[in-house]
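What follows is each chain in one-letter form.
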Amino acid sequence: MGAGHGHHLHFHGHSPVHHLPAHLKLLALVGFVLTVVLTPRTAFAAYAVYLLLVLVAQRASRVPFGYFAKRMVVEVPFVLFALLMPFVATGPRVDVGPLRLSEHGLVGGFALLAKGTLGVMASLVLATTTEPRHVVAGLERLRLPGQLVQIMGFMVRYLEVVTGELSRMKVARESRGFRATSVRAWPVLATTAGALFIRSYERGERVHLAMLSRGYTGSLPVTHPATATPAQWRVAGMLPAAALATLLVVVTR
Amino acid sequence: MTTPVLEVRGLAYAYPDGHQALFGVNLHVHQGERVALLGPNGAGKTTLVLHLNGILTAGAGSVSVSGLPVTEPNLMEVRRRVGVVFQDPDDQLFMPSVRADVEFGPANLGLRGAALEARVVAALDQVGMLDFIDRPPHHLSFGQRRRVAVATVLAMEPEILVLDEPSSNLDPASRRELADIIRSLDVTVLMVTHDLPYAYELCPRSVVLSDGVVVADGTTREVLTDDALMSAHRLELPFGFDPRTIPTP
Amino acid sequence: MHVPDGFLDAPTSIGAAVVAASGVALALRGARRELDDRTAPLAGLVALFIFSTQMLNFPIAAGTSGHLLGGALAAVLVGPCTATLSITVVLLVQATLMADGGITALGTNITLMGLVGVWTGWLVFIALRRVLPKRPLWVVPAAAVAALVSVPTAALAFSLLFDVGGTVDVPFATVATTMVGIHTLIGIGEAVITALAVLSIVVVRPDLVHGARPSLERRTLTIREGVSA
Ligand SMILES: Nc1ncnc2c1ncn2[C@@H]1O[C@H](COP(=O)(O)OP(=O)(O)OP(=O)(O)O)[C@@H](O)[C@H]1O
Ligand SMILES: [Mg+2]
């Protein structure tokens, strides 16, 4: 259990970032985040440059800043964890106002926060500018095992169908006067989860029958492999390349 | 007499939970026929349909398609010959785009490139959905999804088209358009339906399934005007519809 | 418990990714044995089910609420291999489409939730199933205990990883006691909800609960007289 997950991040648009093939965006994301993760924790200047780079990428997507800002909430549980670090880490202490904090914990906590935040911000660029089905195609292009691609494809295809079922069940509960306010609501909600499982499983079986009826034997035919032009490679490469250059400048100085 | 497109003999089946749904069904459908399969809820119509392309395996009895028995080694060919359109188009349209969905069947049959594209375009054109080729299925209206579902099956160029409740949940205009599409197709059709006027309009012949057995077979007009048969099997004509006063279409 | 980017150092993240990849590869083979060519559509819909129950908020008190993690629940419902695959895909979707859980921490998250969470739950479940009476309803308490154990165990696994490759030096005991403590409380909620959910399924469709699947008896078929059409 933990904080709830939102869904549907995709923000329809026609920016250059939207038009990049998904597999390039995935590669760029991984390249950028890896660079950030490998950066020494006291290289404060580098983190400032990374932040600038992600902000530029976010602007290039022409998605309103507020849209990104609201989605940063996924970070909350681990922000709390990072904020605890100065109190619990070992090593020499420093006085910050009335508190005696671990010096090491302060730096460590900062690095956790910086790396995690940059990771979330960069991931948001991918998530908001790429349709879910294109992300699946991109992962397929990047050689994710076929079975996982199929499983993810079905999950994405039926996302709206199942969340729609879930919200209809909610309407049905509430129109009969039910309100979830305390632990007493658990049996009803758990029954909803149970009913959702039965519906999902049965739909899985029906989908399987429909697939068999059209000659499915276990793998999906690949009919249109995704392609990318050299120009697209260059555009997608800009973010990780700039980050990597920053890292190199920092470590070689 | 020629080999029937569909031949079902003594078919019986029980679901894994032990519930028996079919108790010895006999049915023949010949080339070019359009047959309605009628019967109350729970009669076993969908269960029968699932045997026609070997999704369910007969517990007793047999099914053949144009003389080819529906058995494990023939499944691929049987599934090419028998096109099944399921009741819920959401179950049938499982791919991320209309194009990918219509390609799925013929691609499994080994088609690629221009031949595949031609099939897809032709099938979507037949149901008037060519303009929607690059849309995701879940962004289409229900009626549009039903039509794409028909196209996914037409793209396999089946010998017999089996439709499970094709008119359910359609508004009157979509229902009418689908009827026009079905009439325009040059294939044998077996249509499961509760929509008796639809059966009357589209299918010269009707078969009634009740409690897992066939209880009547005749012209749709005969079946619908046999009051004793109709009431014995929970079949009711909608208010104001009387086949006696309507000329055979 | 979605670990973000940069939480663990590179060698540990890579190690976890290797473990995750091997575990998922084994699960792929195992699931094909469990479900054959039904694997993809069923695991896909089960993934969606887990994803949706994670969105279903359970009120606790004073306006706070929590949700199910679902590792043990998935294992009991569809078997451990399919559960691992489903949770892996849920994490993949959350990382790429919801920015939830770091993309470079995917291996860590799959290891913690898809492997440790699922398989701890499953092992506890089958151990209990062996000693409990062989009737479908007994899967309910077994599933509850499985859920109760699996959540803090995953938290303990996280503490171990953090000890090996954490980027901040915190005494292992501090991390472990805090993480396991909090997650034991969470595990209690998880156990109650898992039990209630399994109960609601087992009473209507016992055949769908992998952990309760009774051996199916073959029935003799009846033939009735009908019309030859
Ligand atoms: N998967 C299943 N497991 C067990 N029993 C089933 C299953 N599917 C259907 N049945 C049962 O088999 C019988 C026939 O069902 P079937 O779906 O074939 O009926 P139908 O004629 O298509 O009904 P409807 O008009 O409502 O669609 C019913 O009693 C039904 O409850
Ligand atoms: Mg039916």
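Residues numbered from 1 in each chain as written. Chains lettered and ligands numbered in written order. Predicted model: local features only at pLDDT ≥ 70, side-chain atom pairs only at ≥ 80, totals over all residues. Heavy atoms only, no water.

Assigned secondary structure in chain A consists of 11 helices and 2 strands. Taking 18 Å as the expected radius of gyration for a compact globule of 253 residues, we find that chain A reaches 23 Å, considerably beyond that expectation. If you line up chain A on its principal axes, its C-alpha atoms span 65 × 55 × 30 Å. Within chain A, the proportion of its 253 residues that are buried is 48%. Considering only intrachain contacts with a sequence separation of at least 6, the fraction spanning at least 24 residues in chain A is 73%. On chain A, roughly 11800 Å² of surface is accessible, and the fraction owed to carbon and sulfur atoms is 67%. Considering chain A, the positive charge centre built from 25 side chains and the negative charge centre built from 10 side chains are found 4 Å apart. (Helix = DSSP H or I, 4+ residues; strand = E, 2+ residues; numbered from the N terminus. Rg over C-alpha atoms; globule rule 2.2 N^0.38 Å. Buried < 20%, exposed > 50% of the residue type's maximum accessible area, 1.4 Å probe, protein only. Contact = heavy atoms within 4.5 Å. Areas by Shrake-Rupley, 256 points an atom, 1.4 Å probe, with all protein chains shown as cover. Lys, Arg positive; Asp, Glu negative; His and termini not counted. Charge placed at Lys NZ, Arg CZ, Asp CG, Glu CD.)

Here we come to the interface of chain C and chain A. With 75 residues of chain C at the contact, the number on the chain A side is 82 residues. Between chain C and chain A, a total of about 6900 Å² is buried, with carbon and sulfur atoms accounting for 77% of that surface. Between the two partners, chain C and chain A, sit 1 salt bridge. At the junction of chain C with chain A, the criterion picks out 4 residue pairs in polar contact (both at pLDDT 80 or more). Elements with a minimum of two residues in the side of chain C that touches chain A: helix 1 (10–35), helix 2 (39–55), strand 1 (58–59), strand 2 (65–66), helix 3 (71–78), helix 4 (80–97), helix 6 (139–165) and helix 7 (172–204) of chain C. Of all the elements, helix 2 of chain C adds the most residues to the side of chain C that touches chain A, at 16 residues. Residues that form the side of chain C that touches chain A fall into these classes: 48 nonpolar, 18 polar and 9 charged. (Buried area = accessible area lost by both parts, 1.4 Å probe. Salt bridge = Lys/Arg side-chain N within 4 Å of Asp/Glu carboxyl O. Polar contact = N/O pair within 3.5 Å; in protein donor to acceptor, adjacent residues only side chain to side chain. Nonpolar A, V, L, I, M, F, W, Y, C, P; charged D, E, K, R; others polar.)

Right, let's get into the interface of chain C and chain B. Each partner contributes residues to the interface: chain C has 12 residues there, and chain B has 21 residues. Summed over both sides, the interface of chain C with chain B buries roughly 1300 Å², with 56% coming from carbon and sulfur. Our count for the chain C to chain B interface comes out at 0 salt bridges. One can count 0 residue pairs in polar contact (both at pLDDT 80 or more) joining chain C with chain B. In terms of residue class, the side of chain C that touches chain B is made up of 5 nonpolar, 4 polar and 3 charged.

So, on to the pairing of strand 9 (residues 205–210) of chain B. All names here are of chain B. Of all 6 residues in strand 9, 6 are buried; the element is thus mostly enclosed. Here strand 3 (residues 34–38) runs beside strand 9; their pairing, made up of 4 bridges, is parallel. Within strand 9, the position partnered with Leu38 by the bridge is Val208. As paired strands, strand 9 and strand 10 (residues 213–219) are joined by 6 bridges and run antiparallel to one another. Bridge pairing links Ser210 to Val213 in strand 10. (Pairing = 2+ DSSP bridges.)

Attention shifts here to the site of ligand 1. Residues and elements named next belong to chain B. In the neighbourhood of ligand 1, 14 residues make up the surrounding shell, with Asn41, Lys45, Thr46, Thr47 and His194 lying closest. Separating a nitrogen atom of ligand 1 from a side-chain N or O atom of Tyr15 is a distance of 3.5 Å. Contact distances for ligand 1 include 2.8 Å between an oxygen atom and a side-chain N or O atom of Lys45. Isolated, ligand 1 exposes 640 Å² of accessible area, and the fraction of that covered by the protein chains is 67%. It is helix 1 (residues 45–52) that contributes the most residues to the shell around ligand 1, 3 residues altogether. Each residue belonging to the shell around ligand 1 can be placed in one class, and the counts come to 4 nonpolar, 7 polar and 3 charged. (Near = heavy atom within 4 Å.)

A few words on the domain arrangement of chain A. For chain A, the assigned domains read domain 1 (16–130 + 225–252) and domain 2 (146–212). Inter-centroid distance (C-alpha atoms) of domain 1 of chain A to domain 2 of chain A is 34 Å. (Domains from an automatic or database assignment.)

Our next topic: the packing of helix 2 of chain C against helix 4 of chain C. The geometry of a pair of packed helices is captured by two quantities: the angle between their axes and the separation between those axes. Residues and elements named next belong to chain C. Between helix 2 and helix 4, whose axes approach to 8 Å, the crossing angle comes to 60°. As summarised for this structure, helix 2 and helix 4 are arranged oblique, according to the angle between their axes. Once helix 2 is placed against helix 4, the crossing between them reads as right-handed. Contacts from Thr39, Ala43, Val46, Ala47, Ile50, Phe51 and Gln54 of helix 2 reach helix 4 at Thr82, Leu85, Ser86, Ile87, Val89, Val90 and Gln94. (Axes fitted to C-alpha atoms, helices over the stretch in contact; angles between N-to-C directions. Parallel < 35°, antiparallel > 145°, perpendicular 65-115°, else oblique. Left-handed = near helix turned anticlockwise from the far one by under 90°.)

Turning to the nonpolar core, a few remarks are in order. Counting 165 residues, the largest nonpolar core has Tyr50 and Phe197 of chain A together with Val8, Leu48, Leu52, Phe94 and Leu190 of chain B as its most contacted members. It is helix 10 (residues 186–213) of chain A that provides the largest number of residues to this core, a total of 12 residues. Setting aside residues no more than four positions away along its own chain, Leu52 of chain B makes contact with Leu6, Val8, Val63, Val65, Val70, Val78, Val82, Val162 and Leu190 of chain B. Listed in part, the 49 residues of the second largest apolar core include Leu38, Val102, Val189 and Tyr198 of chain B. (Core = buried A, V, L, I, M, F, W, Y, C linked by side-chain atoms within 4.5 Å.)

This brings us to the sheet that holds strand 9 of chain B. In a beta sheet, neighbouring strands pair by backbone hydrogen bonds and run either parallel or antiparallel. All names here are of chain B. Taken in spatial order, the 6 strands make up an open sheet running 6-7-8-3-9-10, and their pairing is mixed. Each having just a single partner strand, strand 6 (82–85) and strand 10 make up the two edges of the open sheet. Between one strand axis and the next, the sheet turns by 20° as a mean value, whatever way the strands run. Across the face of the sheet, helix 6 (residues 142–154) comes into contact with strand 6 and strand 7 (160–164) while running at roughly 165° to strand 6.

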